[in-house]
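Structural overview for review
What follows is each chain in one-letter form.
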Amino acid sequence: MESPSIGDSLTARMIPRHSSLDSFGAMKVSLLVNLASIRVSKAELRQRVMLPQYLRIAIRDCILRKDDSFDASSSVAPPLDNALTPEVPLMVFVNPKSGGRQGPLIKERLQNLISEEQVYDLTEVKPNEFIRYGLGCLEVLASRGDECAKEIREKMRIVVAGGDGTVGWVLGCLGELNLQNRLPVPPVSIMPLGTGNDLSRSFGWGGSFPFAWKSAIKRTLHRASVAPISRLDSWNILITMPSGEIVDPPYSLKATQECYIDQNLEIEGEIPPSTNGYEGVFYNYFSIGMDAQVAYGFHHLRNEKPYLANGPIANKIIYSGYGCSQGWFLTHCINDPGLRGLKNIMTLHIKKLDSSEWEKVPVPKSVRAVVALNLHSYGSGRNPWGNLKQDYLEKRGFVEAQADDGLLEIFGLKQGWHASFVMVELISAKHIAQAAAIRLEIRGGDWKDAFMQMDGEPWKQPMTRDYSTFVDIKRVPHQSLVVKGD
């Protein structure tokens with residue numbers, strides 16, 4: 001088992017925001033070398049992360065019964081003395097639909113490495129069920145004087161094996177603990193099984209799971225238990241639309257009665273007499289326009305014909321081919337100029353950091369997609385905002401982008417060729433603004449639908465000629481905790 005000095009040095013190596021590029025590079029190389037060279041046996045890993053049997057069984061039974069009370073008659077009885085507490089207890093959530101055909105195999109490998117009761121299949125146990133009943137069980141036992149349960153609740157970390165959507169789902173459910181004042185909130189580590197894996201890339205867990213995944217799982221679990229913790233902003237989105245509903249909304253977008261329209265703000269169209277609302281949370285990006293339309297088509301093709309997209313490489317090939325069929329590269333060949341740019345249907349207002357005043361920001365007429373980005377990684381590891389020089393930042397009134405700075409970077413993509421050059425990082429995207437809050441007003445006109453997406457989950461937003469739809473984005477007060485893989 002690794003010596004305490006190694007674990008302590010890893011935890012202490014948190015990178016200061018304003019460190020030089022040289023020191024950052026040296027530190028990153030040092031971390032990667034140390035982590036890659038660590039060899040941990042299965043017995044050592046279990047000793048470090050596995051819960052005592054009576055707690056594993058108690059948590060499992062509470063989730064199955066959907067009851068957070070500890071029933072000694074149906075569980076393994078606790079030891080007379082407090083059980084030995086693991087150094088960093090881990091719970092793992094696996095999305096077996098991610099990663100092509102590897103999801104179920106990875107789940108089996110994880111269960112074999114630690115224990116079946118600490119690895120949850122998200123098709124069987126939802127993260128909100130674990131939080132309500134599983135963590136609730138530990139809290140009940142801790143309130144009865146079980147010091148082991150109390151310490152495990154305080155030390156617990158979560159590992160999510162899945163794509164960005166799965167990670168966001170778990171983070172969103174964990175965020176409810178802040179509202180319920182059930183602290184601390186467990187930090188999250190990532191095993192990247194999705195297509196883009198931008199959240200995973202941003203926090204050092206890589207863009208895909210290694211080909212030699214059997215040996216990589218053990219190393220990933222060890223890293224999840226020793227690596228430092230960083231913070232991540234999350235963003236609430238509220239859609240207020242005329243009466244009607246979104247057909248087949250993504251699971252991260254839920255119907256809500258708490259919709260409103262700020263009439264103190266300038267409104268271009270007509271206010272609907274009655275409204276419906278949808279609400280959700282995103283961590284990486286929200287976008288509207290042609291990129292979301294391409295994602296929407298790909299998403300439905302994959303659902304209808306899953307055999308066509310059974311892995312990250314196949315997904316990307318199909319995604320690229322589908323993008324070519326959507327008019328993304330044929331902007332100037334569209335007969336009706338009113339259908340070419342988002343300027344024709346959208347008004348953008350923002351609030352800057354530490355300001356309570358809304359400011360109207362013009363949407364460039366050539367832009368066909370607008371993206372509000374929280375991380376440095378978009379579209380499978382690209383940085384469309386770019387690494388901007390200090391003099392340019394000062395000239396535009398921007399600051400250096402960070403995942404925890406309370407700001408979203410808003411940029412535009414003009415058409416497919418422009419987007420392609422941006423994605424290969426030959427040029428930067430069309431910089432529009434940095435914002436602490438965003439308000440979009442969308443008017444129908446010649447458009448029947450608008451396409452939107454957040455963190456890779458697209459949907460078709462219905463529109464009308466008569467009334468506007470409003471999209472309000474603001475930062476969630478509590479930040480999420482993510483373990484840094486690098």
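Residues numbered from 1 in each chain as written. Predicted model: local features only at pLDDT ≥ 70, side-chain atom pairs only at ≥ 80, totals over all residues. Heavy atoms only, no water.

- As annotated in an unreviewed UniProt entry, the protein chain carries the name Diacylglycerol kinase and comes from Arabidopsis suecica.
- Taken directly from UniProt, the Catalytic activity (unreviewed entry) text for the protein chain runs: "a 1,2-diacyl-sn-glycerol + ATP = a 1,2-diacyl-sn-glycero-3-phosphate + ADP + H(+)".
- For the record of the protein chain, the UniProt heading Subunit (unreviewed entry) holds the text "Monomer." (UniProt positions renumbered as here; feature names shortened; annotations may be inferred.)

1. Concerning the sheet that holds strand β7 (residues 253–256)
- Reading across the sheet, the 7 strands line up as β7-β8-β6-β18-β15-β10-β11 and stay open at both edges, with antiparallel pairing between neighbours. At either end of the open sheet lies a strand with only one pairing partner, and these are β7 and β11 (359–361). Sheet twist, expressed as the mean angle between neighbouring strand axes with direction ignored, is 25°. (Pairing = 2+ DSSP bridges. Helix = DSSP H or I, 4+ residues; strand = E, 2+ residues; numbered from the N terminus. Axes fitted to C-alpha atoms, helices over the stretch in contact; angles between N-to-C directions.)

2. With respect to the packing of aromatic side chains
- Scanning the entire structure with this criterion turns up 8 aromatic pairs.
- Taking the centre distance of 5.0 Å and the plane angle of 85° together, the rings of Y285 and Y378 count as edge-to-face. In this pair, Y285 sits in strand β9 (residues 285–289) while Y378 sits in the loop between β12 (369–373) and α13 (390–396), placing the two residues 93 residues apart along the sequence. As far as the burial class goes, Y285 and Y378 line up, both buried.
- What links up through ring pairs into an aromatic cluster is the set F93, Y120 and F130. (Phe/Tyr/Trp six-rings, centres within 6.5 Å; stacked < 30°, edge-to-face > 60°. Buried < 20%, exposed > 50% of the residue type's maximum accessible area, 1.4 Å probe, protein only.)

3. Examining the confidence of the model for the protein chain
- When pLDDT is averaged along the protein chain, the result is 80; 76% of the residues meet or exceed 70.
- Segment residues 1–37 is flagged for pLDDT under 50; beyond a separation of four residues in sequence, or across chains, it makes 35 contacts in the model.
- Every residue in residues 328–339 is under pLDDT 50, and counting partners more than four places away or in other chains gives 30 contacts. (pLDDT = per-residue confidence, 0-100. Contact = heavy atoms within 4.5 Å.)

4. Concerning the side chain of S189
- Summarising the element assignment, S189 is placed in strand β4 (residues 188–192).
- For S189, a relative accessible area of 1% gives the class buried.
- Ignoring any residue separated from it by four or fewer positions in sequence, one finds S189 in contact with I158, V159, V160, W205, A224 and V483.

5. Quick look at the environment of M156
- For M156, the position within the fold is in the loop between α7 (147–155) and β3 (157–162).
- With relative accessibility at 1%, the residue M156 sits in the buried group.
- For M156, the residues in contact, after removing those within four places along its chain, are P89, M91, F130, L135, L138, P186 and P187.

6. Digging into the packing of helix α6 (residues 127–143) against helix α8 (residues 164–179)
- One way to put it is that α6 packs onto α8 with a least axis distance of 8 Å and a crossing angle of 35°. For the pair α6 and α8, the sense of crossing is right-handed. Of α8, the residues touching α6 (which contributes P127, N128, I131 and L135) are W169, V170, C173, L174 and L177. (Left-handed = near helix turned anticlockwise from the far one by under 90°.)

7. Thoughts on the sheet that holds β9
- On the basis of which strands lie adjacent, the open sheet formed by 6 strands has the order β14-β13-β12-β9-β16-β17 and antiparallel pairing. A single partner strand is all that each edge strand has here, and the edge strands are β14 (430–435) and β17 (457–462). Sheet twist, expressed as the average angle between the axes of neighbouring strands with direction ignored, equals 20°.
- Inspection of the sheet shows β12 paired to strand β13 (residues 408–413) by 5 bridges, in the antiparallel sense. Bridge pairing links V371 to F411 in β13.

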